[in-house]
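Residues per chain, in single letters:
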Amino acid sequence: MILLEFGGTLLRGLGITLWISWLALLLAAIIGMIVGVGRTSRSLPIRLIAQIYTEFFRSIPTLVQLFLVFFGITFVFNINLSPFAAATIALALEGSALMSEVVRGGIQSVGAGQREAARSSGMRAWQVELYVVWPQAIRVMVPPAVGVYVSTLKASALASVIGYVELMQTGLFIRESVRGGPGGLTVLVAVAVLYVIVNFTISQLGAAIERRSSFVH
Amino acid sequence: MYDFNIEAMYPFFDKLPAAIWTTVEISFLATIFSAILGIFLALMRRSDRLMLRAIATTYVEIIRNMPLLVLLYLVFFGLPAFGIVLSGFLSGLIALTLNSAAFMTEIFRAGLIAVPKGQYEAARSQGMTRSRMYLSVILPQILRVSYAPLGNQIIGVIMGSSIMMIATVEEVTAWMNNTGAVTYRYFEAFVVVAVVYLVLCQGTNLLRNLLGRLIFKSVAAGGRW
Amino acid sequence: MSTEPKSPGNGRAQQNPILRVEGVVKRFGENTILNDVSFNVQPGEVVVIVGPSGTGKSTFLRCVNGLEDIQGGRIVFEGQTVNARSRKVIALRRRIGMIFQNFNLYPHLTAVENVTIAPIKVLREPRDSAKERAMELFRKVRLEHRASAYPSEMSGGEQQRVAIARALAMNPSLMMFDEPTSALDPETVGDVLTVMEELAADGSTMLVVTHEMAFADHVGDRMLFMDGGSIIEDGPPEELLRNPKEERTRQFVNSVLRPDTARRRQSNGAAADPG
Ligand SMILES: Nc1ncnc2c1ncn2[C@@H]1O[C@H](COP(=O)(O)OP(=O)(O)OP(=O)(O)O)[C@@H](O)[C@H]1O
Ligand SMILES: [Mg+2]
């Protein structure tokens, strides 16, 4: 059986997929936090810039961003990015746009009355955010942030296109090595099953968090 | 400093309209087919029969959790193994449709949930047939709830169509890749392609908001989520 | 906080008012919501504001607290001009307690945490003494047994009493209430009104927007009738309720005091979205 022979290799590919998407998510969360806060800013220029950022990255396909980072940066700045670095950056940019929406949604889910009550008790602007708004907003953000992780994980398969060897590319290599044999398709199915199992598990986790964290109001 | 030279793109512009047309065509067809499939799957998810519910739910969960690229490879390499040889465009269209259908299902399901039971009862009590009830009473109310996420999904399909270049579909991303590879000017090619995608997506967005405002006379609150 | 007993009328005019409102104008864009509102509040006084819906009562309270800025006139609290745009307004808000129609308790904190968060974070009180004081306040509002409950586990009446304790924890010199019982189920209204009555008896200075005419009559030292963004009549509650000078006041009082309309108003209030 082809899976007995290559199972370990596939699992190693899965490990790399999990790692790169986790790293990209982390970067995405940091950038997305800044942009998301910008989107709720009271200053119109900041709000606009943040919105343009979000719209821009959400309107450019991940694959195009990947090409831009991998090939474009090479020629523009004359630096050679590894497929790993390029994929991480592209996935992080894409994810940050999604994250900024999550953060904005979380902040805006906290009712105006909460801010008002906090302000009327004499809290400073940062205290209102830190003690009243964010503790509530975070709970709203976690489930959709899990969704961003799943979509980053799925998008990471595109890294195979620029030759980064994660789960997808591992599968393609194995398929290549058994050229002609029916095992090739089995391997692709196995790759698909691995993605589905991992993403399904993560999604269910997100749903469980959502059920637990919603306020009864 | 990088010397930005958009003129290097000029010789390749003659191939751009066909590439844009391919992107629009495959996205449009995938949207229509996946919407139809999605409506049926959504109805299945609300069926009284466990079997139908299970099939629809399983479909949605599998597709939602699988990268579109993997699905594309499965179709592209898988169908020939069963003796079905399709063009790259058709393989891409099938993958894109199957993928989008899962999300369409969720959108229509949410829309179905938003229609209160009383609406069904009222339609039945007036002697409407099942299909008449869905067409004249239920679907309009579903669209009212669903048109905003539907717009998002169309944009999602356009984004996904870029992956179809892997199946040798000559769409916009393929144009960027080819042009970049020949001229070594990926950045200029990117700028061109970025404009195309921005126009397609924001155009869809605008159209959606406009239609929403016209048809539902509700303020389409801008947001694409 | 003034401890002198309630002595209506005599002498109060000579005192320094704690709140001076002089010709306040508030606009939202083209709409003038408050038009030349003037009155004073003396220490220890309980002033009740009544008036039809949408006349700007809530907006007025928000202006006093510097949550909205004003386009004309002046609001002076304890000798200091309220300016919503100035940084000083933050210090000023600490001395004004505000009670909202829909409580606005922080849903992620327990009752006792709701009460202690501002004293700890804003006034830098030590945690232990803040907590001790909170328990004292819970006894006052009769909620000792609910201190560790979350807002979602409490009835509306309980939540509103926590909100009162939360405001009192800052030792405010003025307490403002914006329809504190409008969002409550009828059976819990009494608990909240009792607490407010006791506060008044303790000598707290209070500015209360309410539709509870019996409370206004009993507890209020003065009543303002507002309509269309202006104060139409200002006087002792018994005067306004039984012998109004203005026709509009009479109409309003009649509509509120007629038992059938009163009941309808109450049930409307309970059903309305507290938003
Ligand atoms: N932020 C705002 N922007 C524009 N208009 C506002 C705003 N807040 C309040 N208004 C308007 O100001 C008017 C007065 O509102 P306000 O809430 O102060 O009335 P109210 O006397 O408290 O009424 P109620 O008894 O219903 O609480 C209303 O017509 C309202 O629509
Ligand atoms: Mg009000």
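Just so it is clear, the structure is predicted and the values come from calculations on it, not from any experiment.

K.L.:
I would appreciate a short explanation of the side chain of Thr54(A) in the present structure.
P.N.:
All names here are of chain A. Tracing the chain through its elements places Thr54 in helix H2 (residues 44-59). Take Thr54: its relative accessible area is 0%, and that puts it in the buried class. Of the polar contacts made by the side chain of Thr54, one reaches the side chain of Ser100; its length is 3.0 Å. Setting aside its immediate chain neighbours within four residues, Thr54 contacts Val35, Arg39, Ala97, Ser100 and Glu101.

K.L.:
What is the right way to look at the interface of chain A and chain B in this model?
P.N.:
By convention, interface size is frequently given as the accessible area that disappears when the constituent parts associate. On the side of chain B, 37 residues touch chain A, which itself brings 35 residues to the contact. Around 3300 Å² of area is buried between chain A and chain B when both sides are counted, 78% of it from carbon and sulfur atoms. Joining chain A to chain B, the criterion identifies zero salt bridges. The tally of links from chain A across to chain B stands at five residue pairs in polar contact (both at pLDDT 80 or more).

K.L.:
Looking at this structure, how should I read the packing of aromatic side chains?
P.N.:
Where two aromatic rings form a pair, the distance of their centres and the angle of their planes describe that pair. Scanning the model with the defined rule gives 17 aromatic pairs over all chains in all. Ring geometry for Trp126(A) versus Tyr131(A): centroids 6.3 Å apart, planes at 55 degrees, classification tilted. For Tyr131(A), a relative accessible area of 16% puts it in the buried group. A centroid spacing of 6.1 Å and a plane angle of 80 degrees characterise the contact between Tyr120(B) and Tyr134(B), whose relative ring orientation is edge-to-face. You can see Tyr120(B) sitting in helix H5 (residues 117-125) and its partner Tyr134(B) sitting in helix H6 (residues 130-161), a full 14 residues away along the chain. Judged by its relative accessible area of 22%, Tyr134(B) falls in the partly exposed class. Geometry around Phe77(B) places Arg175(A) over its ring, the cationic atom sitting 3.5 Å from the centre. Here Arg166(C) stacks its cationic end above the ring of Tyr106(C), 4.5 Å away from the centre of that ring.

K.L.:
Just checking my understanding: could you explain the interface of chain A and chain C for this structure?
P.N.:
Taken together, the contact pairs 21 residues of chain A with 24 residues of chain C. The contact between chain A and chain C buries some 2000 Å² in all, and 55% of this surface belongs to carbon and sulfur atoms. When the area that chain A buries against chain C is broken down by residue, the three leading residues are Glu116(A), Ser120(A) and Tyr131(A), summing to 26%. At the junction of chain A with chain C, the criterion picks out one salt bridge.

K.L.:
Looking at this model, I keep getting lost on the site of ligand 1. Mind explaining?
P.N.:
Residue and element names in this part refer to chain C. Phe28, Ile33, Ser53, Gly54, Thr55, Gly56, Lys57, Ser58, Thr59 and Glu179 make up every residue found near ligand 1. Ser58 is positioned with one of its side-chain polar atoms (N or O) 2.6 Å from an oxygen atom of ligand 1. Take Glu179: an N or O atom from its side chain is 2.8 Å from an oxygen atom of ligand 1. Considering only residue class, the shell around ligand 1 consists of two nonpolar, six polar and two charged.

K.L.:
Could you clarify how one ought to interpret the packing of helix H3 (residues 111-121) of chain C against helix H5 (residues 156-168) of chain C in this entry?
P.N.:
Describing two packed helices takes the angle between their axes plus the distance from one axis to the other. All names here are of chain C. Packing of H3 against H5 leaves a shortest axis separation of 8 Å and a crossing angle of 25 degrees. Judged on the interaxial angle alone, H5 and H3 are roughly parallel. The way H3 lies across H5 gives a crossing that is right-handed. Of H5, the residues touching H3 (which contributes Ala111, Asn114 and Val115) are Val162, Ala165 and Arg166. Grouping the constituent residues of the contact of H3 with H5 by class yields four nonpolar, one polar and one charged.

K.L.:
What's the story with the nonpolar core in this structure? I'm lost.
P.N.:
The nonpolar side chains of a soluble globular protein tend to be buried with one another. Grouped together as the largest cluster of nonpolar side chains are 137 residues, with contacts concentrated most on Met123(A), Met168(A), Trp175(B), Leu19(C), Phe60(C) and Leu207(C). At 13 residues, the largest contribution of residues to this core is made by helix H6 (residues 125-155) of chain A. When near neighbours in sequence (up to four residues on either side) are disregarded, Leu19(C) contacts Phe39(C), Asn40(C), Val41(C), Val64(C), Ile75(C), Val76(C), Phe77(C), Leu174(C) and Leu207(C). The next biggest cluster of nonpolar side chains, apart from the first, holds 48 residues, and it includes Phe103(C), Val115(C), Ala149(C) and Met213(C).

What counts, and where the lines are drawn
Every residue gets a number counted from 1 within its own chain, in the order that chain's sequence is written. Following the order in which they are written, the chains are lettered starting with A and the ligands numbered starting with 1. Per-residue local features are limited, in this predicted model, to residues with pLDDT of at least 70; the limit for side-chain atom pairs, both in listing and counting, is 80 or more; totals at the level of whole chains, interfaces and linings are taken over all residues. With hydrogens and water set aside, each side-chain value is computed from the structure's full complement of heavy atoms. Secondary structure elements are defined from DSSP: runs of H or I of at least 4 residues count as helices, runs of E of at least 2 residues count as strands, and each element is numbered from the N terminus. Each residue is assigned to one of three classes by its accessible area relative to the maximum for its type, calculated with a 1.4 Å probe on protein chains only: buried under 20%, partly exposed between the two thresholds, exposed over 50%. Polar contact is the term for a pair of N or O atoms within 3.5 Å; when the atoms are in protein, one must be able to donate a hydrogen and the other to accept it, and sequence-neighboring residues count only if both atoms are side-chain atoms. Residue contacts are defined here by distance: any two heavy atoms, one from each residue, within 4.5 Å place the two residues in contact. Each of two parts loses accessible area, computed with a 1.4 Å probe, when they are put together; buried area is these two losses added. For salt bridges, the criterion is a side-chain nitrogen of Lys or Arg within 4 Å of an Asp or Glu carboxyl oxygen. The rule is short: rings of Phe, Tyr and Trp, with Trp giving its six-membered ring, pair when the centres are within 6.5 Å, and they are stacked under 30 degrees, edge-to-face over 60, tilted in between. Over a ring means this: the NZ of a Lys or the CZ of an Arg is within 6 Å of the ring centre and within 35 degrees of the ring normal. By convention in these notes, a residue is near a molecule or strand provided one of its non-hydrogen atoms lies within 4 Å of it. Under the grouping applied here, Gly and all other residues not named as nonpolar or charged are polar, the nonpolar ones being Ala, Val, Leu, Ile, Met, Phe, Trp, Tyr, Cys and Pro and the charged ones Asp, Glu, Lys and Arg. Each axis is a line fitted through C-alpha atoms, taken for helices only over the stretch in contact, and angles between the N-to-C directions span 0 to 180 degrees. An angle below 35 degrees is treated as roughly parallel, one above 145 as roughly antiparallel, one from 65 to 115 as roughly perpendicular, and anything else as oblique. A crossing counts as left-handed when the near helix is turned anticlockwise from the far one by less than a right angle, and as right-handed when that turn is clockwise. Residues grouped as a nonpolar core are buried Ala, Val, Leu, Ile, Met, Phe, Trp, Tyr and Cys residues, joined through side-chain atoms within 4.5 Å.

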